[in-house]
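# Summary of structural features
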Amino acid sequence: MPYLPLSFGKEDGEEKDDSGKKISFKIPTIPVDWIRKLNHEIVRGPIAGERSVVIFHDIDIMKDSSANAFLKTLEEPPANTFMFLTTSMPASVLPTIASRCQTVRFGHVPPQQIKDELVKAFGSAVNDQEIADAVFYSMGSLGRALIQMQTEQSAEGIKTLQETAEDVKQFWNLCCSGDWLAVTHALDSLVKERNFAVHEQFLSYMLYLIRNTFLHKTGRSENYFDPGNVLADPSGIFSDPSRTSVITKACDEALSSVRRYGNVGIIFVNLIMTVMETLNVEKQQAG
């Protein structure tokens, strides 16, 4: 089957700032026309050999219209056709697509291999600490580490991992304090950042720190565990897998919503309500 390069389309997105002024932005998506061309190639079958192999990257950015155009091919592919749909964000894949696929998770890449690839890719442009941070943050995904390094090197307005870690820790400490007014002010400052990449990085690092702190509190050791980056835990939440799961799920859902360009104000409010209610459950029960 021939290689079909995909140039992501752009959908218009829009939201309002605090003054009510509309802010426009572009949302990457997979065009319906490209899906129709892919369908044609799949139905036509292999040009040489006996099998067709389709490798479909970043299936998570597919919208409803493109998914609907792809469903019949996905449900009833021609004989000897193998389709691999890849994503680094499984929670963001449309249910209509995910329900028709078998999920196969890839194993972790060894830390030294990730480090070697980062050195090869960036050389003297980065220091050892930046590489070490990216290896920890990758949690075994070379792609995650590379994207993070590329973001720090090129994206305007994006903070380093350590800067983001400090922001997350400060925000988390406010949530632990139970001071709703202080949390609201901090939330306002965060949401005013009109940059989806900033919000994505903040939530991604919150997820990483939640996982890191859980490993620390439960005495588990992994290659990607960074003992220097843990969250405060005055209520003992990270010693309770069920409560940690509630926080993790809420953060993961918020991250998926941001990546689908949802309303960041509503996304963060919902997240913080869940976080604070879970963190302060004893206080609520005592009251």
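Placed above this text is the structure.
Notes on the structure follow. (Residues numbered from 1 in each chain as written. Predicted model: local features only at pLDDT ≥ 70, side-chain atom pairs only at ≥ 80, totals over all residues. Heavy atoms only, no water.)

## Describing the overall build of the protein
Note the cut-off: Only DSSP runs of H or I reaching four residues or more are called helices, and only runs of E reaching two or more are called strands; each is numbered from the N terminus. Partly exposed residues are those whose accessible area sits between 20% and 50% of the maximum for their type, while under 20% is buried and over 50% is exposed, using a 1.4 Å probe and protein chains only. Any two residues having at least one pair of non-hydrogen atoms within 4.5 Å are treated as being in contact. The protein chains shown are the only cover counted for residues, whose accessible areas, like all others here, come from Shrake-Rupley with a 1.4 Å probe.
Broken down by element type, the protein carries 12 helices and 4 strands. A buried classification covers 39% of the 287 residues belonging to the protein. Of the contacts formed within the protein by residues at least 6 apart in sequence, a portion of 68% connects residues at least 24 apart. Accessible area of the protein: about 15,900 Å², with a carbon and sulfur share of 52%.

## Points about the side chain of Ser256
Tracing the sequence through the fold places Ser256 in helix H10 (residues 241-259). A relative accessible area of 10% means that Ser256 is categorised as buried.

## Some points on unusual backbone geometry
You will see that Asp58, though not glycine, has its phi angle at about 55°, which is positive. Along the chain, the position of Asp58 falls in the loop between strand S3 (52-56) and helix H2 (64-75). Backbone geometry at Met139 places phi at a positive 50°, although glycine is not the residue there. Mapped onto the secondary structure, Met139 falls in the loop between helix H5 (128-138) and helix H6 (142-154).

## Some thoughts on the environment of Met273
Following the sequence through the fold, Met273 ends up in helix H11 (residues 264-279). Since its relative accessible area comes to 37%, Met273 is described here as partly exposed. In this structure, the C-alpha to C-alpha distance between Met273 and Trp180, residues 93 residues apart in sequence, is 9.5 Å.

## Description of a nonpolar patch on the surface
As a reminder of what qualifies: Exposure above 30% relative accessible area and the absence of a salt bridge qualify a residue for a patch, where like charges join within 9 Å and nonpolar side chains (Val, Leu, Ile, Met, Phe, Trp, Tyr) within 5 Å. For salt bridges, the criterion is a side-chain nitrogen of Lys or Arg within 4 Å of an Asp or Glu carboxyl oxygen.
A contiguous nonpolar patch, built from Val53, Ile55, Phe82 and Phe84 and spanning about 390 Å² of accessible area, is present on the exposed surface. Taken together, the elements giving at least two residues each to the nonpolar patch come down to S3 and strand S4 (81-85). Inspection of the secondary structure puts Val53 in strand S3. According to the relative accessible area criterion, Val53 is partly exposed, its value standing at 45%.

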